[in-house]
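So the chains spell out like this:
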Amino acid sequence: MAVEKKDIDWGSLGFAYQPTDYSYVCNYKDGAWEEGGLTTDHTLTLSECAGIFHYCQEVFEGLKAYTTKSGDIVCFRPDLNASRMADSACRIVMPPFPEDKFVEAVKMVVKANEAWVPPFGSGATLYVRPIMVATGEVIGVKPADEYQFRILVTPVGPYYSGGVKPVAVKVPEYDRAAPHGTGAIKAGLNYAMSLYPSVQAHAEGFADNMFLDPQTHTYVEESGGANFLFVDKDGTLVVPQSATDSILPSITRRSLVQVAQDLLGMTVVERPVKFSEVAEGAFVECGMCGTAAVISPVGKVVSGETEVTFGEGGMEHVGPVMAKLRETLTGIQDGEVEGPEGWVVKIC
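Rules behind the numbers
- Residues numbered from 1 in each chain as written.
- Predicted model: local features only at pLDDT ≥ 70, side-chain atom pairs only at ≥ 80, totals over all residues.
- Heavy atoms only, no water.
- Helix = DSSP H or I, 4+ residues; strand = E, 2+ residues; numbered from the N terminus.
- Rg over C-alpha atoms; globule rule 2.2 N^0.38 Å.
- Buried < 20%, exposed > 50% of the residue type's maximum accessible area, 1.4 Å probe, protein only.
- Contact = heavy atoms within 4.5 Å.
- Areas by Shrake-Rupley, 256 points an atom, 1.4 Å probe, with all protein chains shown as cover.
- Lys, Arg positive; Asp, Glu negative; His and termini not counted.
- Charge placed at Lys NZ, Arg CZ, Asp CG, Glu CD.
- Salt bridge = Lys/Arg side-chain N within 4 Å of Asp/Glu carboxyl O.
- Axes fitted to C-alpha atoms, helices over the stretch in contact; angles between N-to-C directions.
- Parallel < 35°, antiparallel > 145°, perpendicular 65-115°, else oblique.
- Expected span 1.5 Å × (residues − 1).
- Polar contact = N/O pair within 3.5 Å; in protein donor to acceptor, adjacent residues only side chain to side chain.
- Core = buried A, V, L, I, M, F, W, Y, C linked by side-chain atoms within 4.5 Å.
- Patch = residues over 30% accessible without salt bridge, like charges linked within 9 Å, V, L, I, M, F, W, Y side chains within 5 Å.
- Pairing = 2+ DSSP bridges.
- Phe/Tyr/Trp six-rings, centres within 6.5 Å; stacked < 30°, edge-to-face > 60°.

(A) Representation of the overall build of the protein chain in the model. Within the protein chain, the regular secondary structure consists of seven helices and 17 strands. Scaling as 2.2 N^0.38, a compact globule of 348 residues should have a C-alpha radius of gyration of about 20 Å, and the protein chain matches this with 20 Å. Once the C-alpha set of the protein chain is aligned to its principal axes, its extents read approximately 55 × 55 × 35 Å. The proportion of buried residues among the 348 residues of the protein chain is 52%. For the protein chain, the share of sequence-separated contacts (at least 6 apart) that also reach a separation of at least 24 residues comes to 72%. Element-wise, carbon and sulfur atoms account for 50% of the exposed surface of the protein chain, whose accessible area totals about 15,700 Å². Positive and negative charge centroids in the protein chain, built from 27 and 45 side chains respectively, lie 2 Å apart.

In structure tokens:
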């Protein structure tokens with residue numbers, strides 16, 4: 001039986017939080033995760049000495065639930081979010097949340113909030129945000145002994161409300177991570193590092209930053225919340241790698257690489273990319289990819305006095321490769337294009 005949807009103007013949703021009917025919550029205590037389950041309480045009450053407030057033990061994930069063309073509600077590759085969150089947790093000495101339990105929790109909370117999943121064709125999705133925080137009391141510098149895992153969900157419109165059009169980015173004077181630090185995990189502390197340069201970039205009219213490697217400031221790494229992709233003059237998809245292990249392993253990026261190779265027959269090269277290559281015009285297209293935006297085409301990058309415009313389209317038109325990649329991946333997610341087995345997980 002179909003669930004009646006909430007009375008929401010789905011087409012005018014922004015990318016902002018609004019509480020839904022249920023969240024999921026599970027606590028870690030005495031060395032083990034409890035059973036966990038749904039809650040209607042969207043708040044956390046913590047001690048002023050909880051580890052999250054003092055030593056920043058926090059990791060999170062981001063994925064979406066969609067309505068497909070056939071009316072199914074699905075998620076995209078939640079198993080990869082589960083494994084990445086476990087990796088993130090281990091890096092900052094938090095107990096990893098069991099990966100199978102993670103996927104089941106995602107299914108449980110999305111199904112419970114079925115009425116909040118936007119309809120197919122609306123452009124909106126149900127954003128799913130798993131988080132884990134240190135709740136145990138800590139005053140000396142050490143890991144906490146108690147943690148809480150939660151999943152909140154909220155309906156959102158497109159990340160870039162103006163639709164898919166090229167944006168401008170800048171190369172900042174700051175780093176988002178340290179060499180061989182925590183740049184490769186999804187922890188709030190990395191995003192805190194990027195906030196100041198991000199606010200600066202927005203104030204100057206840029207959509208985001210193009211951070212360079214923190215060790216030599218010569219290689220392209222990522223933006224404040226997305227990975228970069230390039231297309232060279234031969235049509236090869238070039239994917240930046242990090243010599244200092246400070247690029248987040250984006251699930252969207254990994255999916256796009258497989259789409260490019262297996263579905264579109266493209267040549268894909270994953271390697272360190274020097275910013276000097278960008279500045280010298282080696283690439284005809286550039287994009288930022290991540291869960292929220294899928295692909296946001298980059299028309300221009302500015303570094304001091306250097307200004308680089310990509311391809312003939314520049315800031316006017318989305319390049320053909322980025323457009324095709326985005327169209328194919330969103331088609332897979334929406335159920336209009338057949339993708340690799342197991343990528344689209346049906347919930348209800």
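(B) Focus on the pattern of salt bridges. Inspection of the entire model under this criterion finds ten salt bridges. Its salt-bridge partner being Lys6, residue Asp21 comes within 3.5 Å of it at the nearest N-O pair. Residue Asp21 is located in the segment before β1 (23-29), and its partner Lys6 is located in the segment before β1; the two are separated by 15 residues in the primary sequence. Across the pair Asp72 and Lys346 runs a salt bridge whose closest N-O atoms are separated by 3.5 Å. In this pair, Asp72 sits in the loop between β5 (63-67) and β6 (73-76) while Lys346 sits in strand β17 (residues 344-346), placing the two residues 274 residues apart along the sequence.

(C) Fine view of the packing of helix α5 (residues 251-263) against helix α7 (residues 320-334). Running from N to C, α5 and α7 cross one another at 105 degrees; their axes reach a closest spacing of 10 Å. Classified by the angle their axes make, α5 and α7 are roughly perpendicular. From α5, Thr252, Ser255, Leu256, Val259, Ala260 and Leu263 reach across to α7, where they touch Leu325, Thr328, Leu329 and Ile332.

(D) Here's a closer look at α5. Relative to the 18 Å expected for 13 residues at 1.5 Å per residue, α5 spans 17 Å between its end C-alpha atoms, a close match to the ideal helical length. Buried residues of α5: Ile251, Thr252, Arg253, Ser255, Leu256, Val257, Val259 and Ala260, and no others. For α5, the N-terminal cap is Ser250; the gap from its side-chain oxygen to the backbone nitrogen of Thr252 is 3.2 Å. In the segment just after α5, Gly265 is the residue with positive phi, at about 65 degrees.

(E) The nonpolar core, seen in detail. Judged by nonpolar contacts, the single largest core of 40 residues is most densely connected at Val110, Met132, Phe149 and Ile151. Residue assignment for this core shows that the elements contributing at least two residues are β1, β5, β6, α2 (78-91), α3 (99-112), β7 (125-134) and β8 (147-156). Residue contributions to this core peak at six residues, all from α3. Excluding its chain neighbours within four sequence positions, the residues that come into contact with Val110 are Ala65, Ile73, Cys75, Val117, Leu126, Val128 and Ile347. The next biggest cluster of nonpolar side chains, apart from the first, holds 22 residues, and it includes Val231, Val239, Leu256 and Val257.

(F) Highlighting a negative patch on the surface. On the surface, a cluster of negative charge is made up of Asp79, Asp87, Glu99 and Asp100. When contributions to the negative patch are tallied by element, the ones reaching two or more residues are α2 and α3. As for its placement among the helices and strands, Asp79 is situated in helix α2.

(G) Focus on the pairing of β6. Of the two faces of β6, the one holding Ile73 and Cys75 and the one holding Val74 and Phe76 are both buried throughout. Here three bridges tie β5 to β6, and the two strands are oriented antiparallel to one another. Bridging across to β6, Ala65 finds its partner in Cys75. Between β5 and β6, which pair antiparallel and follow one another directly, the connecting turn spans five residues, one of which, Gly71, has a positive phi of 100 degrees. Relative to β17, β6 is paired through three bridges, and the arrangement is antiparallel. Bridging from a neighbouring strand, Val74 pairs with Lys346 of β17.

(H) Representation of unusual backbone geometry. Unlike most non-glycine residues, Asp30 shows phi in positive territory, near 55 degrees. For Asp30, the location among the structural elements is in the loop between β1 and β2 (32-33). Classification of Asp30 by relative accessible area gives exposed; the value is 73%. With a phi close to 55 degrees, Asp245 is a non-glycine residue in the positive phi region.

(I) Spotlight on the packing of aromatic side chains. A complete count under the given rule lists 13 aromatic pairs for this structure. The interplanar angle of 55 degrees and the centroid separation of 5.9 Å between the aromatic rings of Phe102 and Phe149 together place this pair among those described as tilted. Placement of the pair is Phe102 in helix α3 and Phe149 in strand β8, with a sequence separation of 47 residues. The burial state of Phe102 is the same as that of Phe149; both residues are buried. An aromatic cluster is defined as three or more aromatic residues linked by ring pairs; in this entry it consists of Tyr24, Tyr28, Trp33, Phe97, Phe102, Tyr147 and Phe149.

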